[in-house]
Amino acid sequence: MLAQFFKQFLYIQLSPERVTVKDPKTEQVVSEVPEIAIQNPSTGKAKILAVGAAARHAAGQPNTEVLNPFAHPRSLVSDFTVAEQVLKAFVSRVRGSALRLPNPVVIVHPLGHHEGGLTQVEIRAFRELALGAGASEAQVWQGPHLTSVQILTGSYPSTGTLLRE
């Protein structure tokens, strides 16, 4: 029972225009463009300069490119590794000093119309992104936006589907 008291949930909505990470207990939200500025010096390892809205400001630095890993015409994830870095940054902003708490249960909600539904490959990619960003457990939600109460109580609307492995 004590573990349930400390359990943290995060609700992540994904789209090419915006990624939103919300803690339904505290109502803390990070909602920004899913961009990342990566500097690739000719010698040395690539370095993340900024994530979110700040990435555009870092674009003027030498050997720097700004990427949106959620912008692709056929799939919501175009670059898995970069997408994972964006989610890690947004999750750490929401969790802040909650590092002593156990890793959160993450509900990933890909937004937009997915003709024919999500494929098993896409579902697995979303789950793996959440796990890579620090989730202890990851679920994928297809349906209407969820409220904080629905997430905390596990009472999801019947008009959607919670996809688990």
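Structure shown above.
Remember, it's a predicted structure, so these values are computed and weren't measured experimentally. Residue positions within a chain follow its written sequence, with the count starting from 1. With the structure being a predicted model, the display of local features is reserved for residues of pLDDT at least 70 and the display and counting of side-chain atom pairs for 80 or more, all residues being used for whole-chain, interface and lining totals. Hydrogens and water molecules were not included; the side-chain quantities draw on all heavy atoms of the structure.

A. Quick look at the environment of Val 108. With respect to the helices and strands, the residue Val 108 is situated in strand β7 (residues 105-110). C-alpha of Val 108 to C-alpha of Gln 142: the two residues are 34 residues apart in sequence and 8.8 Å apart in space. Every residue in contact with Val 108, bar those within four places of it in the chain, is listed here: Ile 12, Leu 14, Phe 126, Ala 130, Gln 139, Val 140 and Trp 141. The numbering of helices and of strands both runs from the N terminus, where a helix is a DSSP run of H or I of at least 4 residues and a strand a run of E of at least 2. For this analysis, residues touch if any pair of their heavy atoms sits within 4.5 Å.

B. The arrangement of the environment of Thr 147 in detail. Here Thr 147 shows up in the loop between β8 (137-142) and α5 (148-153). In this structure the C-alpha to C-alpha distance between Thr 147 and Ile 48, which are 99 residues apart in sequence, comes to 33 Å.

C. Highlighting the pattern of salt bridges. Throughout this description, the term salt bridge denotes a Lys or Arg side-chain nitrogen within 4 Å of a carboxyl oxygen of Asp or Glu. Enumeration over the complete set of coordinates arrives at three salt bridges. In this structure, Glu 35 and Arg 56 form a salt bridge, with 2.7 Å as the shortest nitrogen-oxygen distance. Pair noted here: Glu 35 is in the loop between β3 (29-32) and β4 (36-39) and Arg 56 is in helix α2 (residues 54-57), with a separation of 21 residues, a long-range link.

D. Looking closely at helix α3 (residues 80-95). Taking 1.5 Å per residue as the helical rise, α3 with its 16 residues ought to reach 22 Å, and the 22 Å between its terminal C-alpha atoms agrees with that figure. Buried residues of α3: Val 82, Ala 83, Glu 84, Val 86, Leu 87, Ala 89, Phe 90, Val 91, Val 94 and Arg 95, and no others. By the N-cap criterion, in which a side-chain oxygen at the helix start approaches the backbone nitrogen of a residue two or three places on, α3 is capped by Asp 79, the distance to Thr 81 being 3.3 Å. Of the residues one or two after α3, Gly 96 is the one with positive phi, at around 55 degrees. Helix span, expected: 1.5 Å multiplied by one less than the number of residues in the helix. Using a 1.4 Å probe on the protein chains alone, a residue whose accessible area is under 20% of its type maximum counts as buried, one over 50% counts as exposed, and one in between counts as partly exposed. Whenever a nitrogen or oxygen atom comes within 3.5 Å of another N or O atom, the pair is scored as a polar contact, on the condition that within protein one atom can donate a hydrogen and the other can accept it, and that pairs from neighbouring residues in sequence are kept only if both atoms are in side chains.

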